[in-house]
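Letter by letter, the chains look like this.
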Amino acid sequence: MTTSTHSQNKQEAYEQRTNWPPYTYRDYPEIRPETYKAFLEFLNTENTTGRLMELQPWISVCDSRCAFCYFPTTASSKVKLEPYLELLKKELDMYAKTKYVKTSVFDEIVLGGGTPSVLSAEQIIDLIDFCKKRFTTSKEYFIKVTGSSKTLALSKIDKLAAYGIYQMDMGAQTFDDKLRKMLCLPDSAAAVEKAIRHARKLGLCVCVDLMYNLPGQTIESWVNTLKKAIELDVEIDAYSLHVDPGTPLETMIKKGISPPQGDAEYEKQMYLTAYNMLTQAGYKAVGHDRFSRVEWHMRENCLNGWPWGGILTTGAGCFMGYLQRFSYSNLEDINAYMEAVKAGKLPIQKLSESTDEEMMSREMSRLYLRLPVSKKEFREKFGKLPEDVFPQQLKNLQKKGLIEIDEKEIRITKEGEVWKGNIAWEFAQKPSAC
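This report concerns the structure included in the present document. (Residues numbered from 1 in each chain as written. Predicted model: local features only at pLDDT ≥ 70, side-chain atom pairs only at ≥ 80, totals over all residues. Heavy atoms only, no water.)

Here's the deal with the nonpolar core
- Residues F39, I236 and L312 are the most contacted members of the largest nonpolar core, which totals 103 residues.
- Top element by residues in this core is helix 3 (residues 81–96). It accounts for 9 residues.
- When residues no more than four places from it in sequence are discounted, the contact partners of I236 are C207, V208, L210, A229, L278, Y283, D289, R290 and F291.
- Ranked by size, the runner-up nonpolar core spans 13 residues in total, among them F68, C69, L183 and M211. (Core = buried A, V, L, I, M, F, W, Y, C linked by side-chain atoms within 4.5 Å. Buried < 20%, exposed > 50% of the residue type's maximum accessible area, 1.4 Å probe, protein only. Helix = DSSP H or I, 4+ residues; strand = E, 2+ residues; numbered from the N terminus. Contact = heavy atoms within 4.5 Å.)

In structure tokens:
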């Protein structure tokens, strides 16, 4: 795959890449009494999907805030962690008591946020122990913890590794210290590298977030960051920076304190640089934005089960929750969250129940996740084939060379790889009448 080939295909397909897919928490409506009632009734049913699920307790607390961050987090100086953890356990327990969750099996426990590593090793282990006692895990299951090198002392990594943590996720973003300073990242590139090397030495899998098209980021800087990640033998989630409204970075760019981002063509070239370098180094592009050399990551159930599996997400500000047709995000304000849980209510802020038409579109968004769409499964779910519901979209995408269609499935092509976000949005429209 060459840059020039992708560039030509891109010119023929779309004016610019779309990186944010449809059907995210940003699209969910505010919770309504009738939807909440339907969700509670759903939780009182048996989980008959046979699909393994992911459990996500969120620690939406950080000891500092990165300039680009839009996540609903609270400064660690403004919250008492023990009361929050007790109420997080209470929310987890509320779900654990439902029939749906009792009949569900989880193969991943992921501490997200936020920066869960602001907790002590003992607090992290206690929370995971609670989850293991209250939820049914599969024979082979994995535990992941998100953190930063600032709050992941080597002694803490030692304790987590000894306990049995499988993976450590780190928001490295870049190994360029000049850019790290501009982004208000809390640690140096050397500190991040030291923590990663220590974790890898202990046998932990490490996954890092890396961002491209940062303000002032050169291709050379991006290449050096990718080289360092490859050298460290880590899994990589490569994201194009989106400057969200209200973030410090947006203000910095508007005031001229920070240079602007590169244009759409520059952003595309950075993506292609990463794709080419990483695939040549033995990585495979999987899921949203992951590049992996770990076979298990290529068959994770939370990924391959979309959209009929589930991620049970809990904690203040969590926004990745989905259980079949229901998608939800929690109250963002940590105090409001704690008050809701104290009152014995699920602390949901936004809740969506998808219609059949919307689930058909979600099924097609498997292409965004670099997954095939099975015609057999589509027909079993909806009584019709994808070609019956989305004839024009499929015809256009196939003509552009972005997808392949045979008698069994629909797949994204190498040419379509760079356009997976745009492809997903093609099916977000209302399906055509049959």
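So that's the structure; there's more coming.
Quick word on the state of the cysteines
- Within the structure shown, the criterion is met by 0 disulfides.
- For the unlinked cysteine C205, the closest cysteine sulfur is that of C207, found at 6.9 Å.
- Taking the relative accessible area as the measure of exposure, C205 reaches 9% and is therefore buried. (Disulfide = S-S within 2.5 Å.)

Comments concerning the pattern of salt bridges
- Tallying each qualifying case throughout the model produces 28 salt bridges.
- Between D187 and R180 there is a salt bridge, with the nearest N and O atoms lying 2.5 Å from each other.
- Look at D187 and you get buried, because its relative accessible area is 14%.
- Linking K375 and E387 is a salt bridge whose minimum nitrogen-to-oxygen distance equals 2.5 Å. With K375 in helix 15 (residues 375–382) and E387 in helix 16 (residues 386–389), this residue pair connects regions lying 12 residues apart in the sequence. (Salt bridge = Lys/Arg side-chain N within 4 Å of Asp/Glu carboxyl O.)

Concerning the sheet that holds strand 16 (residues 403–405)
- Taken together, the 3 strands give an open sheet; going across it, the order is 15-17-16, and neighbouring strands pair in antiparallel fashion. Only two strands of the sheet have a single neighbouring strand rather than two, namely strand 15 (373–374) and strand 16.
- When strand 16 meets strand 17 (residues 409–412), the two strands line up antiparallel, connected through 3 bridges. The partner of I403 across the bridge, within strand 17, is I412.
- Here helix 17 (residues 391–399) sits on the sheet and contacts strand 16 and strand 17; the angle it forms with strand 16, its principal contact strand, is near 115 degrees. (Pairing = 2+ DSSP bridges. Axes fitted to C-alpha atoms, helices over the stretch in contact; angles between N-to-C directions.)

Some details on the sheet that holds strand 7 (residues 205–212)
- On the basis of which strands lie adjacent, the open sheet formed by 12 strands has the order 9-10-8-7-6-5-4-1-11-12-13-14 and mixed pairing. Both outer strands of the open sheet, strand 9 (284–286) and strand 14 (348–353), are each paired with one neighbouring strand and no more. Across the sheet, the mean angle from the axis of one strand to that of its neighbour is 25 degrees, orientation sign disregarded.
- Relative to strand 7, strand 6 (residues 167–173) runs parallel, the two sharing 5 bridges. Across the sheet, the residue bridging to D169 is C207, located in strand 7.
- Strands in contact with helix 11 (residues 264–280) are strand 7, strand 8 (235–240), strand 9 and strand 10 (290–292); relative to strand 7, the strand with the most contacts, it is inclined by about 155 degrees.

A closer look at the pairing of strand 6
- Burial within strand 6 is extensive, with 6 of its 7 residues counted as buried.
- Two elements, strand 5 (residues 137–147) and strand 6, share 4 bridges in a ladder whose sense is parallel. The residue of strand 6 that forms the bridge with G147 is M170.

Focus on the packing of aromatic side chains
- Under the criterion given, the structure shown has 23 aromatic pairs.
- Considering the side-chain rings of W58 and F71, the 6.3 Å spacing of their centres and the 15 degrees angle between planes classify their relative orientation as stacked. On the criterion of sequence distance, the pair formed by W58 in strand 1 (residues 53–59) and F71 in the loop between strand 2 (61–62) and strand 3 (74–75) is long-range, its members being 13 residues apart.
- With a relative accessible area of 3%, W58 lands in the buried category. (Phe/Tyr/Trp six-rings, centres within 6.5 Å; stacked < 30°, edge-to-face > 60°.)

Brief notes about the pairing of strand 1
- Of all 7 residues making up strand 1, 7 are buried, and the element is well covered by its neighbours.
- Of the pairings in the sheet, the one linking strand 1 to strand 4 (residues 106–113) comprises 5 bridges and is parallel in character. Considered in strand 4, the bridge of L55 is made with I109.
- The pairing of strand 1 with strand 11 (residues 310–314) spans 4 bridges and is parallel. What sits directly across from Q56, in strand 11, is T313.

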